[in-house]
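As a plain string of letters, each chain reads:
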Amino acid sequence: APNDLAAAFPHGGTALGYARAMEAVADQKYFEVTAEEFGGEAVEVAVASVSWVFGAIVRQVDNDVIQRVFPNTAVGASGNRVINHPGAIREGTLLSGVVLLFSPDDAPNGIAAVLYRAIPMLKETAALALQLATPLEYPVIFRASRESAGAGRAVSVGRLSALSL
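Residues numbered from 1 in each chain as written. Predicted model: local features only at pLDDT ≥ 70, side-chain atom pairs only at ≥ 80, totals over all residues. Heavy atoms only, no water.

Moving on: the overall build of the chain. Tallying secondary structure elements over the chain gives two helices and eight strands in all. Along its sequence from the N terminus, the chain presents helices and strands in the succession β-β-α-β-β-β-β-α-β-β. Overall, the chain is about 70 × 40 × 30 Å in size when its C-alpha atoms are taken along their principal axes. Burial analysis of the chain (165 residues in total) assigns 27% to the buried set. Long-range pairs, those at least 24 residues apart, make up 55% of the contacts in the chain between residues at least 6 apart in sequence. In the form shown here, the chain has an accessible surface area of approximately 10,300 Å², with 54% of it arising from carbon and sulfur atoms. Here the chain carries 12 positive and 16 negative side-chain charges, and the mean point of each set is 10 Å from the other. (Helix = DSSP H or I, 4+ residues; strand = E, 2+ residues; numbered from the N terminus. Buried < 20%, exposed > 50% of the residue type's maximum accessible area, 1.4 Å probe, protein only. Contact = heavy atoms within 4.5 Å. Areas by Shrake-Rupley, 256 points an atom, 1.4 Å probe, with all protein chains shown as cover. Lys, Arg positive; Asp, Glu negative; His and termini not counted. Charge placed at Lys NZ, Arg CZ, Asp CG, Glu CD.)

Set out below in structure tokens:
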């Protein structure tokens, strides 16, 4: 996890590599407020919840990417990570996320994103990987969750100098 946004890349954390095509999607759920006096017509819309999903294409897959994206990995005989299934993380296990920073090449001017509890979305990542079919790149998808249960930040997006951990 990064620990110093003012420091040079990887900001005191572990670099997962260079990525391209970063995308952030806000999934907003809402409900309509209706008025009986207008025949049940919607007169207002209220936000019920907003959750964020971030994705990117990692240009090179290494052991750090494999460990962060897949829930069950171990160091293999060659010293490289392998994916094991089933592993220690089984059905019903809560996935605790890690702090993840999407850092721009142009640190003073580029847009960065901090996910305070990034949870890998394995099913969505695998589906996208099959669509892309490029051997040297790999998609990663993470859901941004709050820092602690029911409280705290989920995501911050802006210039790197304006963000905090």
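After presenting the structure, the write-up continues.
Bringing the packing of aromatic side chains into the picture now. Each pair of aromatic rings is reported with the distance of its centres and the angle of its planes. One pass over the structure, following the stated rule, counts three aromatic pairs. Ring-pair connections join several aromatic residues into one group, and the members of that group are Trp 52, Phe 54 and Phe 102. (Phe/Tyr/Trp six-rings, centres within 6.5 Å; stacked < 30°, edge-to-face > 60°.)

Moving on, we come to the pattern of salt bridges. Applying the stated rule across the entire model yields two salt bridges. Close ionic contact of Lys 29 with Asp 27 constitutes a salt bridge, the shortest N to O distance being 3.0 Å. Among the residues examined, Lys 29 registers a relative accessible area of 43% and is labelled partly exposed. Its relative accessible area of 31% is what places Asp 27 among the partly exposed residues. Residue Arg 153 is joined to Glu 147 by a salt bridge in which the shortest nitrogen-to-oxygen separation is 3.2 Å. For Arg 153, a relative accessible area of 30% gives the class partly exposed. (Salt bridge = Lys/Arg side-chain N within 4 Å of Asp/Glu carboxyl O.)

At the junction of Phe 9 and Pro 10, the peptide bond is cis and its omega measures out at 15° in the coordinates. Here Pro 10 lies in the segment before strand S1 (19-35). In the segment running from His 85 into Pro 86, the intervening peptide bond is cis, with an omega of -5°. Along the chain, Pro 86 falls in the loop between strand S4 (81-83) and strand S5 (98-102). At His 11, a position not held by glycine, the phi torsion is positive, near 60°. Position of His 11 relative to the elements: it lies in the segment before S1. Residue classification places His 11 among the buried positions, given a relative accessible area of 3%.

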